[in-house]
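# Survey of secondary and tertiary structure
The residues making up each chain are set out below.
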Amino acid sequence: MSDFKIGRRSILKGAAVVGAAQLVAPRARAASTEGPVKIGLDDPMTGTYAELGKNEQIGCEFAVEEINKKGGILGRQVQLLVEDSTSADTGAAVQKAHKLIDRDKVDFLLGNVNSAMALALGQITNQAGILQIVTGGHTDAVTGSDCHWNVFRVCNTTRMETNSVSHTLLTKYGKKWYFITPDYAFGHTLHSGFQASLKAANGTELGESLTPLGTTDYSSYLIQAQATNPDVIIFLHAGQDMINALKQAVQFGLDKRFKIAGAQQELEVLNGLPPEARIGTWVFEWYWNQPNVPHVKEFVAAIRKRTGGKVPTARHWFGYVSTWTCALAANGAKSLDAKKMARFLQGYKLPPEIALMPNAPFFREGDNQLMPTLYVGHAQAKGTTDPEDLFAVDIQAKGAEVALPVSETGCKMKWPA
Amino acid sequence: MKFDKRMGNAAMWLVLLTMPFWLGWIGSYPQLGTRVIILGLAALSLNFLLGHTGVLSFGHAAYFGLGVYGVGLTIKYVTPNTLVALAVGVVVGLVAAIIIGALIVKLRGIYFSMVTIAFGQVFYFIAYRWNNVTGGDDGLSGWARLPVGPLDIVTNERTMFYFVLFFFAVSVGIMAFILRSPFGRTLVAIRENERRAGFLGIPVDLHIWLSWIISCTFVSLAGGLYALLNNFADPHDLRWDQSGTFVIMTVLGGMRSFWGPLVGAAIFVVLQDYLSTLTQNWQSFIGLFFVLVVLFFPRGVLGMLHRTSPSPGDGKTAK
Amino acid sequence: MSQVILFNICNGLITGAFYALMALGLSLILNLSGVINFAHGGFLAVGGYLAYTLIPYVGFWGALLLSPFLTAGIGLVMERFLVRPLYGRDSLYSLLLTFGLAFILEDGTRAIWGPATLPFSLPPFMSRPLSDSFFFLTGYRVFMVVIVTVAVGSLFFILKKTRLGMRIRAGTLDLETVSTLGVNVKILRNLNFGLGIYLAGLAGTLAAGMLGLQPNIGNELIMPSFVAIIIGGLGSLLGTLLGGLLIGVAMGITAVFFPSASEAVIYVLMGLVLLVRPRGLLGEEGRF
């Protein structure tokens, strides 16, 4: 009986303590004033997205090195703290965010590749009043329905991606499309984006196959796709799913009978495919082979030194730009106060040595979404000048022109007093 | 002796009640403490079934997840009331446990474990495929815990900790009470020798079913609290590796001891937190840790301590 | 429409054959040693990665031959030192052990080969469809079915006609008696484990050609294997084989009518089997 007695007593004890604890003021979070300026990166280092997280980290580390060489942030050196958010366990990502913010007292938080985690982190940084740059989660809600004044994003919304490539598909390939859609928000929003493009051009959606995430066998979906006889089969996947789907599509010889295309594509995926499966028309968010854009060559060379010779991907660039944005915001606003920095970034144009793309990208006022250049092109098995040149850019689209206007994104930004 | 146990219990409660204060001194942060309490509750609930009744479920994450989503869905779609949401989470877990328990109670041994794994997977599957409702792989976001009356559990981490500790204390109290009762003693008898218990006229299946229900219900409560902690519902919380984590916490701390699972949860959470900052190969170390515990410390931390301290028949294990 | 159904059934048999291969390895280990091998997916990944590494030296065929044996070798070592000490104890411990092993194998493959997905190339003649209408019958998939058939056939041959196989079968029924009859049970379990892992390694090599080679390639394949065993019945290898084929076909047919439910159908089937005939289609009564 002793256990129960103690249990009851401590319940009362607990209630008393809770009552007392109310009197303690809620934690305020002021910016740090001495020591190095800390930037926290909460990104996946294990699991499915490990490669992407790692590449973003490399970009961040290079940026930190450059920033410190140029005098740091407000005269203080910058330190990057990296925590593994894991690829699937949002609880872990949340825990790490608290660790970085509460224990390590970071002034900025970068992350996450995983859209769900990016949203969860946004809630935490908004509560703590810290500037957050989303490095790689694409779900529209981040700068749409779930936008926050302190959260900025450097990668594109799904609508920007679909709008940039639709014109090419409609004019070059045809108007009858079949969709193979991964069954999560990313896939659904891409699908909606393409649907809008089709409607505007009087095209037809012949059908859609929803594939569960992590599907290993796409044969039944491909069987259905080819039965409808489309002009284009659109693959909306990312990462491992895209690799599996394309590999099998090519094994079935579907690339010989239909056009294969989609929206987002990444160099990591093309690298993971056997050469014969590097096909299709896609959108890249940044590409390393830009001979006419200044500063890109130096960036490529510098990253190559850190990756054992491999060229940087969009993920390296995301990490690089996110970190530099922190420094530019602080130095520009002459303060580490998140509100002041966020105000400074409204409409801010990235300098060319950071932007590394034509048509100076800027953070759009009202939803904090970066408006970069998007690269529409086609995959190739091997480059003519460089074996790593796996993507041939045909068109460059201006982000600001293909994005939805702020009023249609669902973003209602609330600034603190 | 009884004296030893009361001292032990008192010491444990003292440590728990003062946790937010000494966590900062050892270089940790309040949210970690709250996480330990919640996962400790889950492990303790699992141990009700595993350590005290002798039945291995490897699919408890399913009920954890029901609690998580029960809370999330209620706050997001039904009513922004934290307590009501928690109640919903618990009730959902309870109902599911009653139904599924009835289906599987006749199975035994490894087959039972496999079936619990499979059922766990079914719920995981529902969580990440039923996109419109659960948010699918993206999880359920856009909601947050709300203040409970005058208690600010939203911005004040300490208040949140004590809020969670309150539910922990209630649950632990109830479970301890049950274990001390004749019903609890019967469970131990079933654990020790099921056949004999049956010969004594005990309705074994009924007892296992009830134990199952109790265990799953408290795990759901833990899940609900977890959702409140993260302000997020995630299908990963239902995966079989989450189930496995609960089991390892229980074994690590000591299955035969009442507080064992909490100790195991504390060690595991802190270890994982520490290792994942230190190295990107933390998964290997955690896996290695599992292997070492199983091979060399099967009795768990508290199991080993009990062995070395004098225990002249304190009646802890029914024989 | 009927063509699509036919295609999907054919295709279902192919994927089902693959699931069966995975599940058989798992079943072998489960039946004799009572160990649920959570690390089976990890061994599959190791098999795929070893094949990838061997290809530049011994070509595709050499890799296909060698990799499963190497993987089995690793399995034999792990059984000897990690699993064997746990046989006398509650099945809980071996479960946790294989669970931990799964972590180690996944992280280990990531540490050695990197997190990037590795491109696995097949001999060109296999990457093309065999016919225009049956386009999904690529050379590779037919090849896979052939290999699986050969492997499964050999497995049943070993079990029926060799001494080792006879001992394994006897041990599955009553290990104690087999031991008193003078058979070295320790070695028997060890070899049985190795045999199961051989199948995992083979599955891994085949999978690498079909899917992208990534450290967690095995994770998604473990659950269908479990379901195949439950449906087919614990204790029966033939049941596991049938279970694998059945879930493959069920998924294929469901994909025609209710595409988004194609994955769920295997769990629905499992639920039905548990309700109506808990021992599985070909399972033995009172096995548990």
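Because the structure is a prediction, the values reported are computed rather than measured.

## A few points about the layout of surface pockets
Here the second largest pocket defines a volume of roughly 810 Å³. The wall of the second largest pocket is formed by 37 residues, among which A:Gln123, A:Ile124, A:Asn126, A:Gln127 and A:His148 lie closest to the centre. Contributing elements (two or more residues each) for the lining of the second largest pocket: helix H3 (90–103) and helix H4 (115–128) of chain A together with helix H11 (204–230) of chain B. With nine residues, the top contributor of residues to the lining of the second largest pocket is H4(A). Across the lining of the second largest pocket, the residue classes tally to 15 nonpolar, 14 polar and eight charged.

## Some thoughts on the packing of aromatic side chains
In this description, an aromatic ring pair is defined by two values, namely the gap between the centres and the angle between the planes. One pass over the structure, following the stated rule, counts 46 aromatic pairs over all chains. Ring geometry for B:Phe58 and C:Phe99: centres 5.6 Å apart, planes at 75°, overall edge-to-face. Of this pair, B:Phe58 sits in the loop between helix H3 (30–50) and helix H4 (61–78) while C:Phe99 sits in helix H3 (residues 91–113), placing the two residues on different chains. Of the residues examined, C:Phe99 reaches a relative accessible area of 1% and is grouped as buried. One aromatic cluster in this structure is built from B:Phe58, B:Trp240, B:Phe268, B:Phe290, C:Phe38, C:Phe99, C:Phe103 and C:Phe226.

## Quick word on the confidence of the model for chain B
Residue and element names in this part refer to chain B. Across chain B, the average pLDDT comes to 86, with 95% of residues at or above 70. By mean pLDDT, the top-scoring element of chain B is H11 (94), and the lowest-scoring one is helix H15 (residues 300–308) (77). In this model residues 309–319 is a low-confidence stretch, pLDDT under 50, and it forms 12 contacts with partners more than four residues away in sequence or in other chains. What the predictor reports for the complex is a pTM of 0.84 with an ipTM of 0.82.

## Some thoughts on the interface of chain B and chain A
Across the contact, 53 residues belong to chain B and 51 residues belong to chain A. When the two sides are added together, the surface that chain B and chain A hide from each other amounts to roughly 4,600 Å², 54% of it contributed by carbon and sulfur. Taken as a group, B:Tyr29, B:Asp138 and B:Gln280 account for 13% of the area that chain B buries against chain A, more than any other trio of residues on that side. Here chain B is connected to chain A by two salt bridges. Between A:Lys99 and B:Asp273 there is a salt bridge; the shortest N-O distance is 3.3 Å. Counting across the chain B and chain A interface gives 13 residue pairs in polar contact (both at pLDDT 80 or more).

## With respect to unusual backbone geometry
All names here are of chain A. The linkage connecting Gly-111 with the following residue, Asn-112, adopts the cis geometry, with an omega of 15°. Note that Asn-112 resides in the loop between strand S3 (108–110) and H4. Phi angles above zero are rare outside glycine, and Thr-86 is one such case at about 65°. Here Thr-86 lies in the loop between strand S2 (78–84) and H3. Take Thr-86: its relative accessible area is 11%, and that puts it in the buried class. Even without being a glycine, Lys-334 presents a positive backbone phi close to 55°. As for its placement among the helices and strands, Lys-334 is situated in the loop between helix H12 (314–333) and helix H13 (338–345).

## Some details on the side chain of C:Thr117
Position of C:Thr117 among the secondary structure elements: in the loop between H3 and helix H4 (139–161). The exposure class of C:Thr117 is buried, given its relative accessible area of 7%. Within the structure, C:Thr117 has its side chain in polar contact with the side chain of A:Gln240 (distance 3.2 Å). In this structure, C:Thr117 is in contact with A:Glu51, A:Gln240, A:Ile243, A:Asn271, A:Gly272, C:Gly212, C:Leu213 and C:Gln214, ignoring residues within four places of it in sequence.

## What to know about the interface of chain C and chain B
Listed by partner, the interface residues are 42 residues for chain C and 40 residues for chain B. Between chain C and chain B, roughly 3,700 Å² of surface is buried when both sides are summed, and carbon and sulfur atoms account for 77% of that area. The interface formed by chain C and chain B holds zero salt bridges in total. On the surface where chain C and chain B come into contact, there are five residue pairs in polar contact (both at pLDDT 80 or more). Only H3, helix H8 (219–232) and helix H10 (265–276) of chain C provide two or more residues apiece to the side of chain C that touches chain B. The dominant element in the side of chain C that touches chain B, judged by the number of residues it contributes, is H3(C), at 16 residues.

## Considering the state of the cysteines
Residues and elements named next belong to chain A. Following the criterion strictly, the structure yields one disulfide over all chains and no others. Two residues share a disulfide in this structure: Cys-147 and Cys-411, whose sulfurs sit 2.0 Å from each other. Residues Cys-147 and Cys-411 are joined through a disulfide that is right-handed, its torsion about the S-S bond being 90°. Highlighted residues: Cys-147 in the loop between strand S4 (131–134) and strand S5 (151–153) and Cys-411 in the segment after helix H16 (406–409), separated in sequence by 264 residues. With no disulfide of its own, Cys-155 has Cys-60 as its nearest cysteine by sulfur position, at a separation of 13 Å.

Conventions used here
Residues numbered from 1 in each chain as written. Chains lettered and ligands numbered in written order. Predicted model: local features only at pLDDT ≥ 70, side-chain atom pairs only at ≥ 80, totals over all residues. Heavy atoms only, no water. 1 Å grid on protein atoms, 1.4 Å probe; cavity = no way out; pocket = protein on both sides within 12 Å on 5 of 7 lines; lining within 4 Å. Points joined across faces, edges and corners; volume = space filled by probe spheres on them. Helix = DSSP H or I, 4+ residues; strand = E, 2+ residues; numbered from the N terminus. Nonpolar A, V, L, I, M, F, W, Y, C, P; charged D, E, K, R; others polar. Phe/Tyr/Trp six-rings, centres within 6.5 Å; stacked < 30°, edge-to-face > 60°. Buried < 20%, exposed > 50% of the residue type's maximum accessible area, 1.4 Å probe, protein only. pLDDT = per-residue confidence, 0-100. Contact = heavy atoms within 4.5 Å. Buried area = accessible area lost by both parts, 1.4 Å probe. Salt bridge = Lys/Arg side-chain N within 4 Å of Asp/Glu carboxyl O. Polar contact = N/O pair within 3.5 Å; in protein donor to acceptor, adjacent residues only side chain to side chain. Disulfide = S-S within 2.5 Å.

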